[in-house]
Amino acid sequence: MVLKVFFPQCCNRADSGLLVGRWISGHDSAVVLAVIHYPFIPGQVKQYVQKMQAQSGVELSVLGSWSLPKDGQEGMESFLRDLSTIFPQERWLQINRELGKTGFTCQVVHRDQNGKVVQREAKKKVEGGDEEEEEEEEEKVIFVHYEQKKVMFSQLHPVENGVPHPTTDPPSELRQMFRTVASSAPLFFLDRYDNGPLKSTHWQTEGREASIIVELLKQASVPLCLLIGWLLSVWSWICNLRVFSLFPLRFLSSKLSTCVQLSYRSEHMRTLSSRTPAAGHAHFMRKANMVVSFLVDVSLGMLLVWWLYRDEHISMLANALLPAAEHVAKELEELLQWLMGAPAGLKMNRALDQVLGRFFLYHIHLWISYVHLMSPFVEGILWYGGLSACFGLTFALSLLSDMVALLTFHIYCFYVYGARLYCLKIYGLSSLWRLFRGKKWNVLRQRVDSCSYDLDQLFIGTLLFTILLFLLPTTALYYLVFTLLRLVVVLFQGVLHLSVDFINSFPLFALGLRLTRHHRLAEGVKFRVLCEEPGTALHLLMEINPLKCSTVVQTYRTPTYSCYPRDSWAALVKKLFVGELVYPWRHKTTKTD
């Protein structure tokens, strides 16, 4: 039988005393948490262990004794051995360390049913000149040294959000060991500066780790959370007014990227200002990622504001925006003139070509008039719109996406007109093609059924099929050109949306924790032989394997409102081929992890 003893490295040179820890249920393992130094009163030790057990919820007990001989402490080993009668345990560990040696020796003292202490030792028996060994069952001990501070603050992955069932899903030995050390925080509050009757050795023996900045932030967070909660309640009351529930405003708020980002940040602030503490490691990491993401977002936004409002960059952008809009309109006019002729040597239907070209030219003239009408207000719009970057860079990017959508609204109209006309002809040709084969589309059953047509229906169908087939190349050319223009705009907006989602969802806190304190996010552990001296037990050193950066990003990525197309590439190509509209809008009701 092999007994594993998880021993903290900080206790390797502790003074002689008692080992306080826990036996791991279901496994032959013990976790040593601290060493209580001699001198002590056994009654006070019992009261202290019971108090720590009540505060931490861990089944703490005195595991055994620890002996490190020093001058003037002769007979200490026998005294500590006799304490097993005061602290009754089924197994009592007697760990000794000799000066000048790295390894420990350990004896396991068992107690029988009558309460008598029996020590199992290996016995050798020699008969006649032949050496025969008869050994009773000897309990081998393996020491696993661990760094208590790292294990205390580390989190094994995958994270257990709930409490596993003890019969169906029992926790592993390693997970129980990590949970024991993490739950024993009250035991580590006793340091050498306390004037109590007991002295102990653990990772905080030299003094408790604390941060004045962290304590000040905790005190300042209370009124700040109250203020944010009050502001959010006022904002929720304004958003719940009946005026904003009307169809036009509700429709625009669901399609504009700025409104979607505003609601997203409001949800974040509502989560952060909640008085309810984080319920578990995953919830804490999500809140921390939200805080860091918000701070980085606001910092980048303030840098953008600083750049915009110095050296009159707003005026420069306004002066460059109007000529750019007029240049785009002029290029569209030249493109339409080219399409109304013989583009690339193709012979189009001249009548339909002229009708479509003049129709789109009329829209361009309307757009130019609209741009000239808005030209006096462009600088003011940019000046006040730039202030939105004070709320974060994501707000500025969302506002830029909405401005691009408004400035390219004429391109969107051209795309919709061409797509609808092209889609009408495609579906008309497919329906008439089924007519030639004696079939029709059954709307109720959503399938193609056989059908008999008379001569008049076949004649009319032939005429319509011929007309639509010869007009299709002209319509398809206009649809192709404006679809490509629309895809360029959608691509630019997609880059903006991806940037906003990257800032919103990227787990900066978790990744920074992985890079600076890699032991906090543990994927597992590894062991290496620390000491293997003759006459001592085997000593292993447990080291923490950090979580991979890609796994950190995948695990702690904040859920966001999706800006990605829900269709696959095949479905997208099919939509473009048949003329169905492709909307780049972000859907607020779609939430992805």
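Residues numbered from 1 in each chain as written. Predicted model: local features only at pLDDT ≥ 70, side-chain atom pairs only at ≥ 80, totals over all residues. Heavy atoms only, no water.

### Concerning the pairing of strand β15 (residues 521–531)
Examined bridge by bridge, strand β11 (residues 155–156) and β15 share two bridges and lie parallel to one another. The residue bridging L156 from the neighbouring strand is A522, located in β15. The pairing of β15 with strand β16 (residues 538–546) spans eight bridges and is antiparallel. Among the inter-strand pairings, G524 is bridged to a residue of β16, identified as N545. Hairpin connection of β15 to β16: six residues between the antiparallel strands, including G535 at a positive phi of 85 degrees. (Pairing = 2+ DSSP bridges. Helix = DSSP H or I, 4+ residues; strand = E, 2+ residues; numbered from the N terminus.)

### Things to note about helix α1 (residues 42–56)
Between its terminal C-alpha atoms α1 stretches 21 Å, which fits the 21 Å expected from 15 residues at 1.5 Å a residue. Listing the buried residues of α1 in full gives V45, Y48, V49, M52 and S56. The arc that holds every buried residue of α1, seen down its axis, measures 100 degrees, which confines them to one face. Projecting away from the buried face of α1 at angles above 90 degrees are the exposed residues Q47, Q50 and A54. Lining the buried residues of α1 we find β2 (17–24), β3 (29–37), β4 (61–67) and α4 (173–183). Looking one or two residues beyond α1, the residue adopting positive phi is G57, at roughly 75 degrees. (Expected span 1.5 Å × (residues − 1). Buried < 20%, exposed > 50% of the residue type's maximum accessible area, 1.4 Å probe, protein only. Arc of directions from axis to C-beta. Contact = heavy atoms within 4.5 Å.)

### Description of the side chain of H519
Note on placement: H519 falls in the loop between α15 (508–516) and β15. Take H519: its relative accessible area is 11%, and that puts it in the buried class. With residues up to four places along the chain from it excluded, the contact list for H519 reads K150, S154 and I544.

### Looking at the UniProt feature "transmembrane region" (unreviewed entry) in the protein
Per the UniProt record, "transmembrane region" (unreviewed entry) is annotated on residues 290–309, 355–374, 381–408, 414–436, 457–481 and 487–511. The distance separating the terminal C-alpha atoms of residues 414–436 is 33 Å; by composition the span is 100% helix and 0% strand. Overall, residues 487–511 shows 92% helix and 0% strand. The separation of its end C-alpha atoms is 35 Å. (UniProt positions renumbered as here; feature names shortened; annotations may be inferred.)

### Description of the packing of helix α9 (residues 313–339) against helix α11 (residues 378–386)
Running from N to C, α9 and α11 point in directions that differ by 135 degrees, and their axes come no closer than 9 Å. Classified by the angle their axes make, α9 and α11 are oblique. For the pair α9 and α11, the crossing hand works out as right-handed. Two secondary-structure elements touch here, α9 through I314, S315, L317, A318, L321 and L322 and α11 through V378, E379, L382 and W383. When the residues that make up the contact of α9 with α11 are grouped by side-chain class, the tally is eight nonpolar, one polar and one charged. (Axes fitted to C-alpha atoms, helices over the stretch in contact; angles between N-to-C directions. Parallel < 35°, antiparallel > 145°, perpendicular 65-115°, else oblique. Left-handed = near helix turned anticlockwise from the far one by under 90°. Nonpolar A, V, L, I, M, F, W, Y, C, P; charged D, E, K, R; others polar.)

### Section: empty space enclosed by the protein
A water-sized probe rolled over the atoms picks out the places where empty space is left. Scanning the entire structure with this criterion turns up two cavities of 30 Å³ or more. Its boundaries defined by the atoms lining it, the largest cavity holds a volume of some 40 Å³. Only α2 (76–82) and β5 (91–96) provide two or more residues apiece to the lining of the largest cavity. The biggest single contributor to the lining of the largest cavity is α2, with three residues. Here the residues of the lining of the largest cavity sort into one nonpolar, three polar and two charged. (1 Å grid on protein atoms, 1.4 Å probe; cavity = no way out; pocket = protein on both sides within 12 Å on 5 of 7 lines; lining within 4 Å. Points joined across faces, edges and corners; volume = space filled by probe spheres on them.)

### A short note on the pairing of β16
Both strand β10 (residues 140–146) and β16 contribute to a ladder of four bridges, which runs parallel. Residue pairing across strands places H145 opposite L541, the latter belonging to β16.

### A closer look at the layout of surface pockets
Reported here for the largest pocket is a volume of approximately 2,200 Å³. Along its surface, the largest pocket is lined by 46 residues, and V214, K218, F284, A288 and F509 are the ones closest to its centre. Broken down by element, the lining of the largest pocket gets its largest block of residues, 13 residues, from helix α5 (residues 212–239). Considered class by class, the residues forming the lining of the largest pocket number 26 nonpolar, 12 polar and eight charged.

### Some words on the packing of aromatic side chains
Summed over all chains, the structure comprises 24 aromatic pairs. Taking the centre distance of 5.3 Å and the plane angle of 35 degrees together, the rings of F7 and W66 count as tilted. Note that F7 is positioned in strand β1 (residues 2–8) and W66 in strand β4, a separation of 59 residues in sequence. Taken as a pair, F7 and W66 share a single burial class, namely buried. Every member of this aromatic cluster is reached through a ring pair, and the members are F359, F360, F414, Y417, Y478 and F482. (Phe/Tyr/Trp six-rings, centres within 6.5 Å; stacked < 30°, edge-to-face > 60°.)

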